[in-house]
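Listed here are the chains, written in short residue letters.
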Amino acid sequence: MVLTGAGISAESGVPVFRGDDGLWEGHRVEDVATPEGFARDAETVHRFYNGRRARVQEVEPNAAHEALARLAREWSGELTLVTQNIDDLHERAGSPDVLHMHGELLKSRCNECGAVRSCTGDLSRASICDACEGIDCLRPHVVWFGEMPFHLQEIERALDQADWFVSIGTSGRVYPAAGFVRVAAAAGARTLELNLDPSEQSGVFDESRLGRAGELVPAWVDELLGAD
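Bear in mind that the values here come from a model prediction, so they are computed numbers and not experimental data.

### Remarks on the sheet that holds strand E8 (residues 138-142)
Part 1: Strand order across the open sheet formed by three strands is E7-E6-E8, with antiparallel pairing between neighbours. The open sheet has two edge strands, strand E7 (116-118) and E8, and neither has a second partner. The average angle at which neighbouring strand axes cross in this sheet is 45 degrees, direction not considered.
Part 2: Sheet topology note: the strand E6 (residues 103-110)/E8 ladder contains five bridges and is antiparallel. Paired with Arg109 across the two strands is Arg139, which belongs to E8.

### Considerations on the UniProt feature "binding site: NAD(+)" (unreviewed entry) in the protein
Part 1: The UniProt record marks Gln84, Asn85, Ile86, Asp87, Gly169, Thr170, Ser171, Asn195, Leu196, Asp197 and Ala213 with the feature "binding site: NAD(+)" (unreviewed entry), using the residue numbering of this structure.
Part 2: Mapped onto the fold, Ile86 is located in the loop between strand E4 (81-83) and helix H6 (89-93).
Part 3: Taking the relative accessible area as the measure of exposure, Ile86 reaches 13% and is therefore buried.
Part 4: Filtering out sequence-adjacent residues up to four positions away, Ile86 remains in contact with Tyr49, Arg52, His100, His102, Gly103, Glu104, Leu105, Leu106 and Val142.
Part 5: Inspection of the secondary structure puts Leu196 in the loop between strand E10 (190-195) and strand E11 (207-210).
Part 6: With sequence-adjacent residues up to four places away left out, Leu196 is seen in contact with Leu210, Gly211 and Arg212.

### Some remarks on the packing of aromatic side chains
Part 1: Counted by the stated rule, this structure contains five aromatic pairs.
Part 2: Their ring planes at 90 degrees and their centres at 5.0 Å tell us that Phe48 and Tyr49 sit as a pair that is edge-to-face. The exposure classification of Phe48 matches that of Tyr49, with both residues buried.
Part 3: Centre to centre, the rings of Tyr49 and Trp144 are 6.3 Å apart; their planes meet at 50 degrees, and the pair counts as tilted. Remark: Trp144 occurs in the loop between E8 and helix H7 (152-161) and Tyr49 occurs in helix H4 (residues 42-56); sequence separation between them is 95 residues.
Part 4: Through successive ring pairs, a cluster of aromatic residues spans Phe38, Phe48, Tyr49 and Trp144.
Part 5: Residue placement shows Arg139 over the ring face of Trp144; its charged tip is 3.8 Å from the ring centre.

### A few points about unusual backbone geometry
Part 1: Note the cis peptide between Tyr175 and Pro176, where omega equals 15 degrees.
Part 2: Along the chain, Pro176 falls in the loop between strand E9 (164-168) and helix H8 (180-186).
Part 3: Unusually for a residue other than glycine, Asp97 sits at a positive phi of about 55 degrees.
Part 4: By the element assignment, Asp97 lies in the loop between H6 and strand E5 (99-100).
Part 5: The exposed category is assigned to Asp97, whose relative accessible area is 71%.

### Regarding the pattern of salt bridges
Opposite charge on two side chains permits them to pair, given that their charged atoms come into close proximity.
Part 1: This model, assessed by the stated rule, comprises 16 salt bridges.
Part 2: A salt bridge links Glu147 to Arg139; the shortest N-O distance between them is 2.8 Å.
Part 3: The salt bridge involving Arg209 is made with Glu207; its shortest N-O contact spans 2.8 Å.
Part 4: Ionic contacts of the salt-bridge type, sharing partners, join the residues Arg190, Glu207, Arg209 and Glu223 into one network.

Rules used in this analysis
- Residues numbered from 1 in each chain as written.
- Predicted model: local features only at pLDDT ≥ 70, side-chain atom pairs only at ≥ 80, totals over all residues.
- Heavy atoms only, no water.
- Pairing = 2+ DSSP bridges.
- Helix = DSSP H or I, 4+ residues; strand = E, 2+ residues; numbered from the N terminus.
- Axes fitted to C-alpha atoms, helices over the stretch in contact; angles between N-to-C directions.
- UniProt positions renumbered as here; feature names shortened; annotations may be inferred.
- Buried < 20%, exposed > 50% of the residue type's maximum accessible area, 1.4 Å probe, protein only.
- Contact = heavy atoms within 4.5 Å.
- Phe/Tyr/Trp six-rings, centres within 6.5 Å; stacked < 30°, edge-to-face > 60°.
- Lys NZ or Arg CZ within 6 Å of the ring centre and 35° of its normal.
- Salt bridge = Lys/Arg side-chain N within 4 Å of Asp/Glu carboxyl O.

So this is what it looks like as structure tokens:
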């Protein structure tokens, strides 16, 4: 099982969402990343995500994304790729069946009928759901603070069965993902961290390699495929 975080996409030019100052691209978390913030000021939230949606379509996958796609194609074992990122760079690199535990920026969800649709343009309160024709009911298909991450049952099964757990470009601060290494280790998995800097969970991993994801991930994939 491979878990990726903001660090892998940062090398493609996707801004890290939350800064050390606690702000998310200049906005308070409470304003743009909670259900309450959306209920209070939906237009501000829409503008925030519209900007991110436009930005992510301007960047390209990097060598780390491409290496993981190669691993999925060539490794004889089973690979579960879980990402905390809401961009589509893994898919554009060629990785199949990516589990987006925090949702997908290039999709919308209807608060009325629950329909999830592709969304590459802007959303606003005037947007109309093409499934139920409701107005002022669409939101970004992302997981906000206070909401339950997606795919948790599939992730739990993968953690229980994993021989390897590899974390790439994660801070180790955001739960439940920050706790995955302990679950995997308890189930007997070998654990490896590939990160620019030590995460808050670095001491839990069997091995931690520091450097750019675009260099570390291809090297690790070469090792794994060479030993397969």
